[in-house]
Amino acid sequence: MNQAHGRRLPVAGRVLLLIVVGLSLVGPGQLPADGGHGAFTVARAEIRRGESDWRLDAVFSIRLSEGAQEALENGVPLVLDLQVQALEKQPWLWDAVVAEQKRSRQLQFHALSRTYLVRDLNTGFQRSFRYLEEALQYAGVLEDVSVLGYEAMKDDRQYAVRLRGGLDIESLPTPVRLLAYVSSAWDMDSNWHQWRLAR
Amino acid sequence: MNRFGIGMLPMLVLFALLLVSLSLMSDATHNSERFGEMYSWLLLANAAGLVVLGALVVANIIWLYSQKRKQAVGAKLTTRLVLMFVLMSVVPVSVVYYFSLQFLQRGIDTWFDVRIEEALEDALELSRAALDVRLRDVLRLTERMAEEVSDSPPATLSLNIYDIRVRSGAAELTLLGSDGRIIASSAAEMTDIVPNQPSSEMLQTLHDGGSYIGLDPVGDSGLYARALVPVLSSRQDSEIYTLQALFSVSERLSILAESVQSAFTHYKELAYLRKPLKFSYTLTLSIILVLSVLAAIWAAFQSARRLVAPVRDMAEATRAVADGDYSRRLPVASDDELGFLVRSFNDMTRRLAKARDQARRSRKQVEGQRTYLEAVLANLSSGVMSLDASGVVRAANSAAKQNLGVDIKAWLGRPLADVAGEHIFLQPFIDVISRNRSKGRHLWQAEVSLFGASGRQVLMCRGTTLTGVGSRSGGQVIVFDDVTALIQAQRDAAWGEVARRLAHEIKNPLTPIQLSAERLRRRYLDRMEDDEFEVLDRATRTIVNQVAAMKKMVNAFSEYARVPHVSLETLDLNQLVREVLDLYRGSGSRSAIEDRLEAQPANIDGDAGRIRQLLHNLLKNALEALGGRSDASVVISTQAGADAPGAYVELCVDDNGPGFQADELDSIFEPYVSSKPKGSGLGLAIVKKIVEEHNGMIAAETSPAGGARIRIRLQASEAGHGDAGVPDGAFSAGHD
């Protein structure tokens, strides 16, 4: 079950943009070469009962595409979003999102110190790493995230939790944004990973 | 607001929206904070505008194609205008687009300079070099601090750490276990409860037996030098600790270094964004171009349609006018030349309609007058004929045919002179007209005598020259009346008057003359000598005889002039004929009188005495004409009307005598017209009078046997037959 990212353009919008870019190719402009494919994959995830709510621990394995990596090394900050949603199953309708958590981490290369800085945009906490892998590993960790309070759950309903991660294209500089939308090299979003919540 | 304004409004709104959207997008392309976030949506909005405009253009092209296929009015003009508008807009826009792109590509490239890039890299390297001195100092200091820490007893470790930090001026000093756990820590900022932990990679460097020194931007606090050195413990536990020290770089150096770093990063980012930026600008420009071109094409369609609309309307209206529909009015859409044209057109159609209505009314009036005139002419007993200036027959009424005995209408459009070729008896009539025409008399009157199939005919002609305008000018209208019957009646009346006067004036002195002669005779005859006796006897006898003859003649005149008292009754003509014939047969006449009477009774309404006199006169006339010939033969016959059976009865008396001369035929029924040496000359005149008293008709002709034939038609009795009168059309006189 996939759903579009909140801040991203809908599918129709992407198709339109693709048409626009296609039209613009008639002119002298050209697309920068696509890089290697990047990916967000859920390496490990665990849902456990807390005292008053369900809690999630998860680790994403993040691999930047070459395009994203090039942008990063050229000083463009990347925002990585980790998104958790609690769904209430509805018999005839789409599932309703009853709770949502999002962790956004900004990844940036610091040229002077030759380090990668990861700043948690929710907390403002920042750490530096000498190597990109280390920074990505740090950025892909969700620890003890509150998913859904027990009191919000109804007895006669089924609930599920889903999880995904991806690059926030809208935070990219404007000129890159269009490429990121239409180029598959920038598409690093993971699919939704979903678990049913046991009673 | 007029139609033009209303039609333009959505177009202007769409253009304004697109312009705003494009300007916002252009702003957003510059990475402005205001619209940067909206860039994608703006792009989407413009793309949607592009699709809408494209759809509009495609719809318009399809519409125009269908119009051209249908060969609709104005389609060609619309196509030409659209092509012209499109060409006029696309060419300059494309030129501007091309040069804009060139400027764009080159302009963006000129932002970047290899020397600046190298200078920035050098500046960064310089910053690093400057910081490296500080880092090496920090490393040495940290190594010394590690030695101090290694000597510290575990109980006072935290306190010593604090002391060392304070003494060394470090921002943070932390002792970590071999597994990375924090054993003791001290920080200058009391708010930093959680020490800044090294990454696993840094710790891994120590595990490999070395130390770590590096710059570390910590949050917003600026640059820090991070040093990690192993603490070689002298204690029994062989665990290798790690001492991490964070030293802040001097504020000035930090600011300068950050400034260099920031500039370098920004430049690097810009350099990296060069291609996407070019692409983005190109895309924006291309969208503007395509939107402009599409908008121009659409506007071209709209403008062309609006321009052509009045022309098309006018073309359709002109076609309608050509088809005779003058009611078409066009809406005046503008005050320009087209509006003037439309107003003029409306004026023209209005006037045309008015003129047509007037012409229609006039035509109706003329037709009415013509119908009236035709009705009048048709009911006139006078013949009317019109000739044009060259003598060609232009019109004739029905009475013309009756009066002339020739269907003049069959000669319409042909010269009147040609009529004489076929109907020679009309020559005098045509001559009179020609003569008066050649004399140029505007008003003339003449009496013409014709000798046609129905005998002598007298026409009273009056001619008037037409003074009108146009083709009829110089023509003539000829009115003619058949006055034959009138003249005849006048002549008859004159004769009647003569007879009456003769009877009155002459009869009175005759008796005294006769008595005087007889007295002379009685008194003097016996006294006379033989020779005188003879003279007186002959003279008085002559007087007496002549007086008797004169009396007889006067009586005949008296009879002719007598006003008849006809008492009509139904009688059988055949029976009457037989009775009269019996008298003649009984008298021992030498002439053979043959009767060919019909077996059916021929009933007529007549006065038996007058009819009997009629028969006597006819038989006497015939017998006298035969003059005692040995082969004399008189045939008397009756028959019912051939062309209208039952309507009349025809009585014919034929003889085999000398017949009539041609010039006698017209006057044979007048008093004292006789071809015979004997006779009073009143016999046939009285016959005619009796026939007329009975509303009949009489004709004298030459019989097939060569003699004379008197033919009489009398109206059949209504009791026996229907009322149809005596048809005169079948009656003719003349030689066969």
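All of the points below concern the structure found in this document. (Residues numbered from 1 in each chain as written. Chains lettered and ligands numbered in written order. Predicted model: local features only at pLDDT ≥ 70, side-chain atom pairs only at ≥ 80, totals over all residues. Heavy atoms only, no water.)

1. With respect to the overall build of chain B
Assigned secondary structure in chain B consists of 17 helices and 17 strands. Put simply, chain B has 736 residues, and 41% of those count as buried. By sequence separation, contacts in chain B at least 24 residues apart represent 62% of the contacts at least 6 residues apart. A total of about 40200 Å² of accessible surface is found on chain B, and carbon and sulfur atoms cover 56% of it. (Helix = DSSP H or I, 4+ residues; strand = E, 2+ residues; numbered from the N terminus. Buried < 20%, exposed > 50% of the residue type's maximum accessible area, 1.4 Å probe, protein only. Contact = heavy atoms within 4.5 Å. Areas by Shrake-Rupley, 256 points an atom, 1.4 Å probe, with all protein chains shown as cover.)

2. Comments concerning the sheet that holds strand β7 (residues 141-149) of chain A
Residues and elements named next belong to chain A. Taken together, the three strands give an open sheet; going across it, the order is β1-β2-β7, and neighbouring strands pair in antiparallel fashion. Lying at the two open borders of the sheet, with one neighbouring strand each, are β1 (39-49) and β7. Geometrically, the sheet is characterised by an average inter-axis angle of 25° between neighbouring strands, direction not taken into account. Bridging between strand β2 (residues 53-63) and β7 involves six bridges; their strand directions are antiparallel. Pairing of Val59 across the sheet is with Val141, part of β7. (Pairing = 2+ DSSP bridges. Axes fitted to C-alpha atoms, helices over the stretch in contact; angles between N-to-C directions.)

3. Considering the packing of aromatic side chains
Within a pair of aromatic rings, the relevant descriptors are the distance that separates the centres and the angle that separates the planes. Here the structure, examined in full by the defined rule, presents six aromatic pairs over all chains. Ring geometry for Phe129 of chain A and Tyr138 of chain A: centres 5.1 Å apart, planes at 40°, overall tilted. On the accessibility criterion, Phe129 of chain A (3% relative accessible area) is buried. For Tyr138 of chain A, a relative accessible area of 28% corresponds to the partly exposed category. Of note, Arg305 of chain B hangs over the ring of Trp63 of chain B, and the distance from its end group to the ring centre comes to 3.9 Å. If you follow Arg414 of chain B out to its NZ or CZ, it ends over the ring of Trp411 of chain B, 4.0 Å from the centre. (Phe/Tyr/Trp six-rings, centres within 6.5 Å; stacked < 30°, edge-to-face > 60°. Lys NZ or Arg CZ within 6 Å of the ring centre and 35° of its normal.)

4. Digging into the environment of Ser327 of chain B
All names here are of chain B. You can see Ser327 is positioned in the loop between α8 (251-322) and α9 (337-379). Residue Ser327 is classed as exposed on the basis of its relative accessible area of 55%. When the C-alpha atoms of Ser327 and Arg350 are compared, they prove to be 7.5 Å apart, with 23 residues separating the residues in sequence. Separated by 2.5 Å, the side chains of Ser327 and Asp325 make a polar contact. (Polar contact = N/O pair within 3.5 Å; in protein donor to acceptor, adjacent residues only side chain to side chain.)

5. A look at the pattern of salt bridges
Where charged atoms from two side chains of opposite charge come close, those side chains can pair. Residues and elements named next belong to chain B. For the coordinates displayed, the defined rule picks out 34 salt bridges over all chains. A salt bridge links Arg541 to Asp537; the shortest N-O distance between them is 2.9 Å. Of this pair, Arg541 and Asp537 both sit in helix α14 (residues 530-561), four residues apart, which is roughly one turn of the helix. Accessibility expressed as a relative area gives 13% for Asp537, which makes it buried. Here Glu650 makes a salt bridge to Arg713, at a shortest N to O gap of 2.8 Å. Pair noted here: Glu650 is in strand β15 (residues 648-655) and Arg713 is in strand β17 (residues 708-715), with a separation of 63 residues, a long-range link. Judged by its relative accessible area of 8%, Glu650 falls in the buried class. (Salt bridge = Lys/Arg side-chain N within 4 Å of Asp/Glu carboxyl O.)

6. Details of the sheet that holds strand β4 (residues 96-110) of chain A
Residues and elements named next belong to chain A. Ordered by their spatial adjacency, six strands build an open sheet running β6-β5-β4-β3-β8-β9, and the pairing between neighbours is antiparallel. At either end of the open sheet lies a strand with only one pairing partner, and these are β6 (126-129) and β9 (193-196). The average undirected angle you get between the axes of adjacent strands in this sheet is 20°. Taken together, the nine bridges between strand β3 (residues 78-88) and strand β8 (residues 159-167) define a ladder with antiparallel strand orientation. If you follow Ala86 over to β8, its bridge partner there is Val161.

7. Details of the side chain of Thr265 of chain B
Note on placement: Thr265 of chain B falls in helix α8. The buried category is assigned to Thr265 of chain B, whose relative accessible area is 10%. Once residues lying within four places of it in the same chain are set aside, the contact partners of Thr265 of chain B are Asn74 and Gly75 of chain A.

8. Concerning the packing of helix α16 (residues 608-626) of chain B against helix α17 (residues 683-693) of chain B
All names here are of chain B. Close contact between α16 and α17 brings their axes to 9 Å; oriented N to C, the two are set at 150°. The orientation of α16 with respect to α17, classified from their angle, is roughly antiparallel. In this structure, α16 meets α17 at a crossing whose hand is left-handed. Of the residues in α17, those in contact with Arg610, Gln613, Leu614, Asn617, Leu618 and Asn621 of α16 are Gly683, Leu684, Ile686, Val687, Ile690, Val691 and Glu693. (Parallel < 35°, antiparallel > 145°, perpendicular 65-115°, else oblique. Left-handed = near helix turned anticlockwise from the far one by under 90°.)

9. What to know about the nonpolar core
Leu64, Leu107, Leu142, Leu172 and Trp186 of chain A together with Leu175 and Leu243 of chain B are the most contacted members of the largest nonpolar core, which has 120 residues in total. Apart from the residues within four sequence positions on either side, Trp186 of chain A is in contact with Ser65, Gly67, Ala68, Ala71, Leu167, Leu172, Val176, Leu179 and Ala180 of chain A together with Tyr272 of chain B. Among the nonpolar cores identified, the runner-up in size contains 48 residues, and Ala602, Leu619, Phe669 and Leu684 of chain B belong to it. (Core = buried A, V, L, I, M, F, W, Y, C linked by side-chain atoms within 4.5 Å.)

10. Thoughts on helix α13 (residues 484-524) of chain B
Residue and element names in this part refer to chain B. With 41 residues, α13 extends 57 Å between its outermost C-alpha atoms, agreeing within 8% with the 60 Å of an ideal straight helix rising 1.5 Å per residue. Considering bend angle alone, the principal kink of α13 is centred on Lys507 and spans about 30°; proline Pro509 follows within four residues of it. Burial in α13 covers these residues: Ile487, Gln488, Asp492, Gly496, Ala499, Ala503, Leu510, Gln514 and Ala517. (Expected span 1.5 Å × (residues − 1). Bend = angle between axes of the 7 residues up to and from the residue.)

11. A look at unusual backbone geometry
Non-glycine residue Asp144 of chain A carries a positive phi angle of around 55°. By the element assignment, Asp144 of chain A lies in strand β7. Of note in the backbone geometry, Gln71 of chain B takes a positive phi value of approximately 55° without being a glycine. Here Gln71 of chain B lies in the loop between α3 (39-69) and α4 (75-111). Overall, the relative accessible area of 70% leaves Gln71 of chain B in the exposed class.

12. Quick word on a negative patch on the surface
On the surface, Glu117, Glu118, Glu121 and Asp122 of chain B cluster together into a patch of negative charge. Relative to the helices and strands, Asp122 of chain B is located in helix α5 (residues 114-151). (Patch = residues over 30% accessible without salt bridge, like charges linked within 9 Å, V, L, I, M, F, W, Y side chains within 5 Å. Lys, Arg positive; Asp, Glu negative; His and termini not counted. Charge placed at Lys NZ, Arg CZ, Asp CG, Glu CD.)

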